[in-house]
Amino acid sequence: MVTRRKFFRNTFLASFAMGTGLTSCSQSAQSEDQKDNQPSTDFGTPPPVLPTVIATWKNEKAVAKAMQVIESGGRALDAVEAGVKETEADPEDQSVGYGGRPDRDGIVTLDACIMDEKGNAGSVCFLQNIKHPISVARKVMEVTPHVMLCGEGALAFALEQGFQEEDLLTETSRQEWEEWKKDSKYEPKANIERHDTIGLLAIDQQGHISGACTTSGMAYKLHGRVGDSPIIGAGLYVDDEVGGACATGVGEMVMKTLGSFLVVELMRLGKSPQEACEEAVNRIIKKYKDQMTPEFQIGYLAINKRGEHGAYAVVEGFNFILQKGDKSREFESPFAI
Ligand code: SD4
């Protein structure tokens, strides 16, 4: 019997193949494995892969910018930083950077992390008044012996590095918060609008992978709350031997399962990006079903060294954008429930 889920998944894979003229990830992975009958853990020398950029949600400007950096010879690391900066600077995007929704005290606090092909990582969390937390995260990675800086310390470091302080709370986000305060219902929300936390993964012309993830976190969260997005292995993980993964949605469950690390490790063991994302989502559902509200959402996105991708979410509504060469396409992610 073709279940709703299988139907959705098949449709998704077929539409990808048709739309881009490229073979879908799972299809090519399966046929190669079947043909060669090789242990799937053997990544060997990967065939040439088109530069690839993939991002959570329909962050068109971000993937276009990232691809532009790659096409002009830039590293994947430069591409992911430049890509997500587009979203951080966009006041219309109320889940990331400037214009992000504040916490329940009306303060915008930002989380971000970045990881390169050498396994270097940098991160900031609970950062305030800096428009581009991703660039501060990169500085943490490049000029300190540390991985993560938090709150006031992260801000002091950013200022030392020449970043400027600015007010990130836009009038729209302030007014919505004022509205929310009338009830002050403590109900942190993920995915309450089209654009959301951005996780972006890129493969450059040398075939190297890097990733970035940046967010203002859950709207109206408790002051001081930090989500999965700046946690290496939770909101983002990259291993240049295998691939990369990133997450969006309710960060608490992603942190408790170290989701992006899990997805990459599953790919290391031979799963396709699609299978790995499905297993990571299903693990959360199995373990935490009792704690899930109907609109509970988590979405994973992954790519491997072959340039194959996968995506999977708990419920309907997660989408992503993929760019290979000069072609970009938006997709609705398959989902579990
Ligand atoms: C967080 N994962 O702070 C982020 C929020 C998010 O879609 O991704 N929303 O938990």
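Since this is a predicted model, take the numbers as computed values, not measurements.

*Asks:* Please explain the overall build of the protein as it appears in this structure.
*Replies:* Along the protein, the regular secondary structure elements total 10 helices and 12 strands. For the protein, the proportion of its 337 residues judged to be buried stands at 57%. Carbon and sulfur atoms make up 49% of the accessible area of the protein, which totals about 14300 Å².

*Asks:* Help me understand the nonpolar core, please; the structure alone is not making it clear to me.
*Replies:* Soluble globular proteins tend to bury their nonpolar side chains together. By size, the foremost hydrophobic cluster in this structure holds 50 residues, and its most contacted members are Leu236, Val263, Ile284, Phe296, Ile298, Tyr300 and Val314. Ranked by the residues each element gives to this core, the list is headed by helix 10 (residues 273-288), at 7 residues. If you look at the next biggest cluster of nonpolar residues, it comprises 36 residues, including Val53, Ala82, Leu155 and Leu200.

*Asks:* What's the story with the pattern of salt bridges in this structure? I'm lost.
*Replies:* Enumeration according to the criterion identifies 19 salt bridges in this entry. Here Glu332 and Lys58 are joined by a salt bridge, their closest N and O atoms 3.2 Å apart. Note that Glu332 is positioned in strand 12 (residues 327-332) and Lys58 in the loop between strand 1 (52-56) and helix 3 (60-71), a separation of 274 residues in sequence. For Glu332, a relative accessible area of 38% corresponds to the partly exposed category. What makes Lys58 buried here is its relative accessible area of 18%. Between Lys131 and Glu166 there is a salt bridge, and its shortest N-O distance comes to 3.8 Å. Of this pair, Lys131 sits in the loop between strand 3 (121-127) and helix 5 (133-143) while Glu166 sits in the loop between helix 6 (151-160) and helix 7 (171-183); the two residues are 35 residues apart in sequence, bridging distant segments of the chain. By relative accessible area, Lys131 is classed as partly exposed at 22%. Salt bridges linked by common partners bring Asp78, Glu81, Arg138 and Glu142 together as one network.

*Asks:* Got a minute to help me understand the confidence of the model for the protein in this structure?
*Replies:* Predicted coordinates in regions of low pLDDT should not be interpreted in detail. When pLDDT is averaged along the protein, the result is 87, and 82% of the positions lie at 70 or above. Segment residues 1-36: pLDDT under 50, and 57 contacts once partners within four positions in sequence are set aside and those in other chains are kept.

*Asks:* Please clarify how the sheet that holds strand 8 (residues 243-249) should be interpreted in this entry.
*Replies:* Neighbouring strands of a sheet are bound in pairs by backbone hydrogen bonds; such pairs are parallel or else antiparallel. Strand order in the open sheet formed by 4 strands is 7-8-9-10, and the pairing between neighbours is antiparallel. Both outer strands of the open sheet, strand 7 (236-239) and strand 10 (309-313), are each paired with one neighbouring strand and no more. Averaged over all neighbouring strand pairs, the angle between strand axes comes to 10 degrees, with direction disregarded. In the sheet, strand 9 (residues 298-304) pairs with strand 10 via 5 bridges, with the strands oriented antiparallel. Across the sheet, Ala302 pairs through a bridge with Gly310, a residue of strand 10. Across the sheet, helix 9 (residues 259-268) is in contact with strand 7, strand 8 and strand 9; its angle to strand 8 comes to roughly 145 degrees. Sheet strands in contact with helix 10 are strand 9 and strand 10, and its direction is about 20 degrees off that of strand 10.

*Asks:* Please explain the side chain of Glu81 as it appears in this structure.
*Replies:* Tracing the sequence through the fold places Glu81 in helix 4 (residues 76-88). Beyond its immediate sequence surroundings of up to four residues, Glu81 is in contact with Ile114, Ile134, Ser135 and Arg138.

*Asks:* Got a minute to help me understand the sheet that holds strand 6 (residues 209-215) in this structure?
*Replies:* The sheet built from 8 strands is open, its strands ordered 4-3-2-6-5-1-11-12 with mixed pairing. Because the sheet does not close on itself, it has two edges, and the strands there are strand 4 (148-150) and strand 12. For this sheet the average axis-to-axis angle between neighbouring strands, irrespective of direction, equals 10 degrees. The pairing of strand 1 with strand 11 (residues 319-324) spans 5 bridges and is classified as antiparallel. Across the sheet, Thr52 pairs through a bridge with Lys324, a residue of strand 11. Running at roughly 130 degrees to strand 3, helix 5 makes contact with strand 2 (110-115), strand 3, strand 4 and strand 6 of the sheet. The sheet contacts of helix 6 involve strand 3 and strand 4, and relative to strand 4 the element is tilted by about 105 degrees.

*Asks:* Looking at this structure, I do not really get the packing of helix 4 against helix 5. What am I missing?
*Replies:* For any two helices packed against each other, one specifies the crossing angle of their axes together with the interaxial distance. It is the contact of helix 4 with helix 5, at a shortest axis distance of 8 Å, that shows an interaxial angle of 150 degrees. The pairing of helix 4 with helix 5 is recorded here as roughly antiparallel in orientation. On helix 5, the residues that touch Leu77, Asp78, Glu81, Val84, Lys85 and Glu88 of helix 4 are Pro133, Ile134, Ser135, Arg138, Met141 and Glu142. The class makeup of the residues in the contact of helix 4 with helix 5 is 5 nonpolar, 1 polar and 6 charged.

*Asks:* Looking at this structure, I do not really get the packing of aromatic side chains. What am I missing?
*Replies:* Remark: the centre distance and the inter-plane angle together describe each pair of aromatic rings, the angle taken between the planes. Applying the stated criterion across every chain, the model contains 4 aromatic pairs. With a centroid separation of 5.2 Å and 20 degrees between ring planes, the pair formed by Phe320 and Phe331 is classed as stacked. Residue Phe320 is found in strand 11, and its partner Phe331 is found in strand 12; the two are separated by 11 residues along the sequence. Comparing Phe320 with Phe331 shows no difference in burial state: the two are buried. Against the face of Tyr98 rests Lys131, its NZ or CZ located 5.1 Å from the ring centre.

So, how was this worked out
Residues numbered from 1 in each chain as written. Predicted model: local features only at pLDDT ≥ 70, side-chain atom pairs only at ≥ 80, totals over all residues. Heavy atoms only, no water. Helix = DSSP H or I, 4+ residues; strand = E, 2+ residues; numbered from the N terminus. Buried < 20%, exposed > 50% of the residue type's maximum accessible area, 1.4 Å probe, protein only. Areas by Shrake-Rupley, 256 points an atom, 1.4 Å probe, with all protein chains shown as cover. Core = buried A, V, L, I, M, F, W, Y, C linked by side-chain atoms within 4.5 Å. Salt bridge = Lys/Arg side-chain N within 4 Å of Asp/Glu carboxyl O. pLDDT = per-residue confidence, 0-100. Contact = heavy atoms within 4.5 Å. Pairing = 2+ DSSP bridges. Axes fitted to C-alpha atoms, helices over the stretch in contact; angles between N-to-C directions. Parallel < 35°, antiparallel > 145°, perpendicular 65-115°, else oblique. Nonpolar A, V, L, I, M, F, W, Y, C, P; charged D, E, K, R; others polar. Phe/Tyr/Trp six-rings, centres within 6.5 Å; stacked < 30°, edge-to-face > 60°. Lys NZ or Arg CZ within 6 Å of the ring centre and 35° of its normal.

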